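Descriptive analysis of the structure
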Amino acid sequence: MTPAQWRTTRMTAGGALIVMGLALCGARLLEFASRGQIDGDNPAASLDYLAEQGDAYVVTGILLLMLAAALVVAAVAVRAVLRAERPSLWVDACAVAGAIAAGALGLAGVTRVSAPGPLAYISSLNAGWGESAYLVVQMAGNQTLFAGGLLGMSIWLAGLAIAAWRRRSVARGALVLAVFALDFILAVAGPLIEIPDALFGVHLFSIMVGVPFACAAIGGAFLVRGARAPETTEG
């Protein structure tokens, strides 16, 4: 890898990570602000929400599609940077986790973009059918694809932080923020291990603010390092 390629790849990785942070934070905050106290698992109330705030729900889907696209770019670029410094199976495995996560998040985004119209039509035919259709969207799109995509993204983020820490690829202060990704992984594993209910607020903060901020901070660290001309690069 030439110095110019090294710089471009690092800055591409950094830019994609920042877009990821902004897209994820925007999607979560927009849904939280528009949905309010409406339980996503309540089909009747959620159908009313979609009837009134369907555009906001679609925008969250578009943001998830942006997140998925940025994750693909980031996973490829980060892998190229870390492998140029020291090839390892760990880096390759992290890239695969990122790609799988991007696929799940992209499908979750498509579900949100396409759901409001068909759900409204089905509900107009029969209210019971509409509620059943919404629950399918909720369980498949939100509870499975979205949650699984966030889990995969968190695994990728934590994995790249470990690899970058060992290589001193970027400022370690930024990499420490990947602890929010580890916290989300623990939150998903909650049903399997004993995690105090008191930590729910910490988990909520991690996914709403912590993980997006970690993406942006690590992305900024890649940008700063990429802006500096490297002495030598092997590849």
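Residues numbered from 1 in each chain as written. Predicted model: local features only at pLDDT ≥ 70, side-chain atom pairs only at ≥ 80, totals over all residues. Heavy atoms only, no water.

1. A few points about the packing of aromatic side chains
Summed over the entire model, instances satisfying the criterion amount to one aromatic pair. Ring geometry for Y49 versus Y57: centroids 6.4 Å apart, planes at 85°, classification edge-to-face. We classify Y57 as buried; its relative accessible area is 4%. It is R112 that lies over the ring of F146; its NZ or CZ is 5.0 Å from the centre. (Phe/Tyr/Trp six-rings, centres within 6.5 Å; stacked < 30°, edge-to-face > 60°. Buried < 20%, exposed > 50% of the residue type's maximum accessible area, 1.4 Å probe, protein only. Lys NZ or Arg CZ within 6 Å of the ring centre and 35° of its normal.)

2. Details of helix 1 (residues 3-35)
Given a rise of 1.5 Å per residue, 33 residues ought to cover 48 Å, and the 48 Å separating the end C-alpha atoms of helix 1 matches this to within 8%. G36, located one to two residues past helix 1, shows a positive phi value of around 65°. (Helix = DSSP H or I, 4+ residues; strand = E, 2+ residues; numbered from the N terminus. Expected span 1.5 Å × (residues − 1).)

3. Let's talk about the confidence of the model for the chain
When pLDDT is averaged across the chain, the result is 87; 91% of the residues are at 70 or more. Looking at the elements of the chain, mean pLDDT is at its lowest for helix 7 (residues 179-188), recorded as 80, and at its highest for helix 3 (residues 89-114), recorded as 95. (pLDDT = per-residue confidence, 0-100.)

4. Things to note about the pattern of salt bridges
Considering all chains together, one arrives at six salt bridges under this definition. Close ionic contact of R79 with D92 constitutes a salt bridge, the shortest N to O distance being 2.9 Å. Taken together, the residues span a long stretch of sequence, with R79 in helix 2 (residues 43-85) and D92 in helix 3 at a distance of 13 residues. Look at R79 and you get partly exposed, because its relative accessible area is 33%. On the basis of relative accessibility, which here comes to 21%, the residue D92 falls in the partly exposed class. (Salt bridge = Lys/Arg side-chain N within 4 Å of Asp/Glu carboxyl O.)

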